[in-house]
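For reference, the chains in residue letters:
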There are 2 protein chains.
Amino acid sequence: MESALDQRFGLNRRVTLPGPLKLDGGVLLSPLDIGYETYGTLAADGGNAILVCHALTGDQHVAGDHPVTGKPGWWTRMIGPGKPIDPARHFVICANVLGSCMGSSGPATINPATDKPWGMSFPVITIRDMVRAQAMLLDHLGVARLQAVVGGSMGGMQVLSWAATYPERVEAAVVLASTARHSAQNIAFHEVGRQAIMADPAWRGGEYYGATPPAAGLAVARMAAHITYLSEAGLTEKFGRRLQAREAKSFGFDADFQVESYLRHQGLTFSDRFDANAYLYITRALDYFDLAEEHGGVLANAFRDSKARFCIVSFDTDWLYPTRDSRAIVHALNAAGARASFVELSSPFGHDAFLLESPELNRVIDGFLRAGQ
Amino acid sequence: MESALDQRFGLNRRVTLPGPLKLDGGVLLSPLDIGYETYGTLAADGGNAILVCHALTGDQHVAGDHPVTGKPGWWTRMIGPGKPIDPARHFVICANVLGSCMGSSGPATINPATDKPWGMSFPVITIRDMVRAQAMLLDHLGVARLQAVVGGSMGGMQVLSWAATYPERVEAAVVLASTARHSAQNIAFHEVGRQAIMADPAWRGGEYYGATPPAAGLAVARMAAHITYLSEAGLTEKFGRRLQAREAKSFGFDADFQVESYLRHQGLTFSDRFDANAYLYITRALDYFDLAEEHGGVLANAFRDSKARFCIVSFDTDWLYPTRDSRAIVHALNAAGARASFVELSSPFGHDAFLLESPELNRVIDGFLRAGQ
């Protein structure tokens with residue numbers, strides 16, 4: 001139930017839309033739950049709406065406290081009073097992506113046709129399907145056009161898909177640490193994670209709801225993925241070969257090195273907060289993502305109808321979606337005659353840099369958003 | 001049982017040495033099984049012996065056919081008639097490392113004290129322990145000194161440890177695609193693999209011998225590690241986003257992309273041929289490896305007593321043990337006044353390049369070995 005405070009700030013909301021949503025896989029999904037939050041007020045002319053798109057394991061609690069953990073939103077560095085995205089000026093919307101497990105329809109939600117959780121009978125979805133669901137939410141909220149769509153990593157893929165799918169609705173697009181297509185290596189890492197989940201006997205073909213979830217498999221999946229979010233130099237700086245709170249190696253198999261116990265902790269806490277099937281579905285959507293493929297094999301074609309301004313940002317130590325991936329987007333934008341600005345920022349933190357304190361990133365986004373006004 | 005052919009060529013041999021071998025962890029191991037192969041004949045002056053050290057999942061069948069699979073040895077590109085290492089000129093020795101599962105003592109062998117497999121009661125070992133075991137084998141074979149010690153990846157670490165531990169026995173050292181210490185990222189990837197194995201209920205604390213082995217966990221471990229052996233560009237060239245033998249995406253969770261089924265195959269075939277506990281022990285030895293730490297924190301100290309010539313080779317697309325790791329070795333060798341040559345070779349194949357066809361690598365090693373004669 002929403003508290004009075006939640007209602008006032010638009011926190012922790014959930015709407016059931018009738019749909020149907022026609023998915024790329026051909027299935028008609030209906031109805032459609034969407035968990036979302038909003039911050040600020042939509043201007044009378046509707047011109048101040050900013051949609052924020054979250055990453056693989058993110059959620060809609062972008063700037064409000066998380067209802068379960070009580071922790072601040074995951075992007076309060078970017079969104080808040082005096083920040084580049086400011087609810088005093090902007091109407092900010094963030095929705096849990098389709099297929100996830102934080103309030104939107106996904107494998108862990110109830111299939112109304114069977115009154116049981118969907119599990120693996122939930123249809124496979126794409127990044128574009130996530131975007132279509134968000135568009136339905138905006139229709140519901142009375143938001144016709146977006147001053148900007150902003151997102152990093154998988155959020156950036158949604159931003160690109162927004163500009164391609166709803167060119168008339170997007171005035172500006174901010175794509176951080178992202179890519180227009182998943183590479184073979186990206187797919188390979190995700191496949192390791194999926195196999196780890198599916199190899200866990202507790203997974204039971206996805207029908208573990210009400211029973212023990214495949215926590216061990218999901219933890220291994222998270223550990224493998226987590227390494228790709230960090231730079232080698234960042235890991236070395238943070239942990240090096242430092243041992244845990246003991247003087248010498250144990251000559252055993254406990255976590256001797258700090259990096260081992262850090263990774264184990266990442267895996268364990270993740271399986272407490274995330275649904276394993278949702279992880280399968282969202283990684284699949286990421287691996288399927290190839291924006292050029294949806295447009296005749298030519299990435300520039302995706303942007304032919306766009307009137308949006310684009311801001312593309314990469315980080316020099318990001319080896320998951322390295323700068324060359326952002327360059328490919330910028331080349332396509334240039335080829336399509338779109339207005340594109342591009343910057344590679346320096347950071348020791350690898351892919352995760354877009355989520356961390358970065359005055360430079362804030363200046364880039366602030367300047368870009370203000371330039372359109 | 002050895003065939004007459006095996007006896008003639010020194011193939012597929014196994015010796016039980018009395019030991020004891022004093023391990024870095026403090027345990028005295030006795031007796032000590034070593035599986036090994038030899039090729040060629042030891043010269044009267046004992047001056048033509050070359051020890052080849054294998055990598056994590058390698059074995060002693062370096063140039064002879066594998067007794068089970070019947071496949072040619074794993075390094076016939078480097079060892080054979082007319083090759084840089086030639087049994088017509090060299091007496092070649094390759095031993096299965098301590099802790100492995102191809103004939104040498106390890107967790108899958110019988111603990112004579114209990115008459116049961118060691119399992120996780122096998123002592124944790126180090127790279128230096130592997131080298132000490134090899135030295136005992138050389139004593140048994142009557143090989144006092146080595147014209148060269150040669151190895152790539154974990155084999156290269158053994159080469160470095162040989163030069164540091166037995167400086168009087170090593171005349172030349174060839175270190176390929178290797179490092180003097182495991183980085184935080186290296187440890188992190190191995191920890192994912194270990195957690196995948198230990199999360200498999202079939203692992204049962206390592207006591208799965210005679211029952212079902214943790215094949216699924218070991219397969220996931222192998223998949224994660226395998227990604228690190230290949231370059232991003234190599235993966236893209238080999239697979240890109242190409243689909244399996246079907247026209248379009250399945251919108252399901254079968255292996256849609258070629259890279260997915262390739263990885264799954266790598267995982268499955270590996271768990272057929274390798275022991276999961278051995279994988280735990282050897283990855284632990286790798287993660288413990290820090291040659292400087294064994295020498296007062298200064299890598300150069302490891303080589304102060306060495307009279308050997310060193311040949312260090314890295315590959316430009318190897319991101320597991322990148323060129324900067326080889327540079328650090330060369331800097332230490334220079335600081336120690338050792339004779340060191342260093343080359344970075346270009347290859348699209350990442351870490352695995354040292355195992356693949358490379359006329360350039362063969363020329364480097366051939367020239368280096370001949371220069372000492």
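Note that the structure is a prediction, hence the values are computed from the model and not measured.

Thresholds applied
Residues numbered from 1 in each chain as written. Chains lettered and ligands numbered in written order. Predicted model: local features only at pLDDT ≥ 70, side-chain atom pairs only at ≥ 80, totals over all residues. Heavy atoms only, no water. Least-squares fit on C-alpha atoms with pLDDT ≥ 70 in both. Contact = heavy atoms within 4.5 Å. Helix = DSSP H or I, 4+ residues; strand = E, 2+ residues; numbered from the N terminus. Buried < 20%, exposed > 50% of the residue type's maximum accessible area, 1.4 Å probe, protein only. Buried area = accessible area lost by both parts, 1.4 Å probe. Salt bridge = Lys/Arg side-chain N within 4 Å of Asp/Glu carboxyl O. Polar contact = N/O pair within 3.5 Å; in protein donor to acceptor, adjacent residues only side chain to side chain. Nonpolar A, V, L, I, M, F, W, Y, C, P; charged D, E, K, R; others polar. Pairing = 2+ DSSP bridges. Axes fitted to C-alpha atoms, helices over the stretch in contact; angles between N-to-C directions. Parallel < 35°, antiparallel > 145°, perpendicular 65-115°, else oblique. Domains from an automatic or database assignment.

### Observations regarding the relation of the copies chain A and chain B
Phase 1: The operation relating chain A to chain B is a screw motion whose rotation component is 180°, with 0.0 Å of axial translation and a residual RMSD of 0.0 Å. A rotation of that kind, with that shift, is consistent with a two-fold axis.
Phase 2: The residues that chain A uses at the interface reappear at the interface of chain B in 100% of cases, marking a shared surface.

### Quick notes on unusual backbone geometry
Residues and elements named next belong to chain A.
Phase 1: Of note, the bond from Gly19 into Pro20 is cis; its omega dihedral lies within 30 degrees of zero at -5°.
Phase 2: Take Pro20: it is sitting in the loop between strand E1 (13–17) and strand E2 (21–22).
Phase 3: For the peptide bond that leads from Ser30 to Pro31, omega is -10°, which places it in the cis range.
Phase 4: Of note, Asn12 is a non-glycine position whose phi angle comes to about 55°, a positive value.
Phase 5: Within the secondary structure, Asn12 is located in the loop between helix H1 (4–9) and E1.
Phase 6: Taking the relative accessible area as the measure of exposure, Asn12 reaches 30% and is therefore partly exposed.
Phase 7: In this structure, Ser153 is a non-glycine residue whose phi angle is positive, near 60°.
Phase 8: Mapped onto the elements, Ser153 comes out in the loop between strand E9 (148–152) and helix H3 (154–165).
Phase 9: Judged by its relative accessible area of 8%, Ser153 falls in the buried class.

### Looking at the interface of chain A and chain B
Phase 1: In this complex, chain A contributes 53 residues to the contact, which on the side of chain B involves 53 residues.
Phase 2: The junction of chain A with chain B conceals about 4700 Å² of combined surface from both sides, 68% of it contributed by carbon and sulfur atoms.
Phase 3: It is A:Arg241, A:Phe251 and A:Phe253 in chain A that bury the most area against chain B; as a group they hold 18% of the surface buried on that side.
Phase 4: The tally of links between chain A and chain B comes to 14 salt bridges.
Phase 5: The closest approach of N and O atoms between A:Glu191 and B:Arg264, which form a salt bridge, is 2.4 Å.
Phase 6: Counting every contact that joins chain A to chain B gives 35 residue pairs in polar contact (both at pLDDT 80 or more).
Phase 7: Counting residues per element, the ones that place at least two in the side of chain A that touches chain B are helix H4 (184–199), helix H5 (215–229), helix H6 (232–238), helix H7 (258–273) and helix H8 (276–288) of chain A.
Phase 8: A breakdown of the residues in the side of chain A that touches chain B according to their chemical character gives 27 nonpolar, 10 polar and 16 charged.

### Examining the sheet that holds strand E11 (residues 309–315) of chain B
Residue and element names in this part refer to chain B.
Phase 1: Strand order across the open sheet formed by 8 strands is E1-E4-E6-E5-E9-E10-E11-E12, with mixed pairing between neighbours. Edge positions in the sheet fall to strand E1 (13–17) and strand E12 (339–345), since each of these pairs with one other strand and no more. Taking each pair of neighbouring strands and ignoring which way they run, the sheet shows an average axis angle of 20°.
Phase 2: Where E1 lies against strand E4 (residues 32–39), 5 bridges are found, and the strand directions are antiparallel. Within the sheet, the bridge partner assigned to Val15 lies in E4 and is Ile34.
Phase 3: Docked against the sheet, helix H2 (residues 127–141) engages E1, E4, strand E5 (49–53) and strand E6 (91–95), running at close to 60° with respect to E4.
Phase 4: Across the sheet, helix H3 (residues 154–165) lies against E5, strand E9 (148–152), strand E10 (172–176) and E11, angled at about 150° from E9, the strand it touches most.

### Description of the packing of H5(A) against helix H4 (residues 184–199) of chain B
Phase 1: Across the interface, H5(A) lies against H4(B) with an axial gap of 10 Å and an inter-helix angle of 170°. Taken as axis vectors, H5(A) and H4(B) run roughly antiparallel relative to one another. Of the residues in H4(B), those in contact with A:Ala216, A:Val220, A:Met223, A:Ala224 and A:Ile227 of H5(A) are B:Gln185, B:Ala188, B:Phe189, B:Glu191, B:Val192, B:Gln195, B:Ala196 and B:Ala199.
Phase 2: Partitioned by chemical class, the residues of the contact of H5(A) with H4(B) number 10 nonpolar, 2 polar and 1 charged.

### Section: the domain arrangement of chain A
Reports often express the size of an interface as the amount of accessible area lost when the parts come together.
All names here are of chain A.
Phase 1: In terms of domain boundaries, chain A breaks down into domain 1 (4–181 + 291–371) and domain 2 (186–283).
Phase 2: Its C-alpha centre places domain 1 at a distance of 26 Å from the equivalent point of domain 2.
Phase 3: The interface of domain 1 with domain 2 comprises 28 residues on the first partner and 27 residues on the second.
Phase 4: Counting each side, the surface lost to burial between domain 1 and domain 2 is near 2200 Å², with a carbon and sulfur contribution of 68%.
Phase 5: The three residues of domain 1 that bury the most area against domain 2 are Leu56, Met120 and Trp319, which together make up 30% of that side's buried surface.
Phase 6: Remark: the boundary between domain 1 and domain 2 carries 0 salt bridges.

### With respect to the environment of A:Cys53
All names here are of chain A.
Phase 1: Tracing the backbone through its elements, the reader meets Cys53 in strand E5 (residues 49–53).
Phase 2: Here the alpha-carbon distance between Cys53 and Gln158, two residues 105 residues apart in the chain, equals 6.6 Å.
Phase 3: In contact with Cys53, not counting residues within four places along its chain, are Trp74, Gln134, Val149, Val150, Gly151, Gly152, Gly155, Gln158, Val159 and Trp162.

### Quick look at the sheet that holds E5(A)
All names here are of chain A.
Phase 1: Taken together, 8 strands build an open sheet; the order of strands is E1-E4-E6-E5-E9-E10-E11-E12 and the sheet is mixed. With one partner strand each, in any of the chains shown, E1 and strand E12 (339–345) form the two edges of the open sheet. Within this sheet the neighbouring strands show an average axis-to-axis angle of 20°, counted without direction.
Phase 2: As paired strands, E5 and strand E6 (residues 91–95) are joined by 4 bridges and run parallel to one another. Bridge assignment links Val52 to a residue of E6, and that residue is Cys94.

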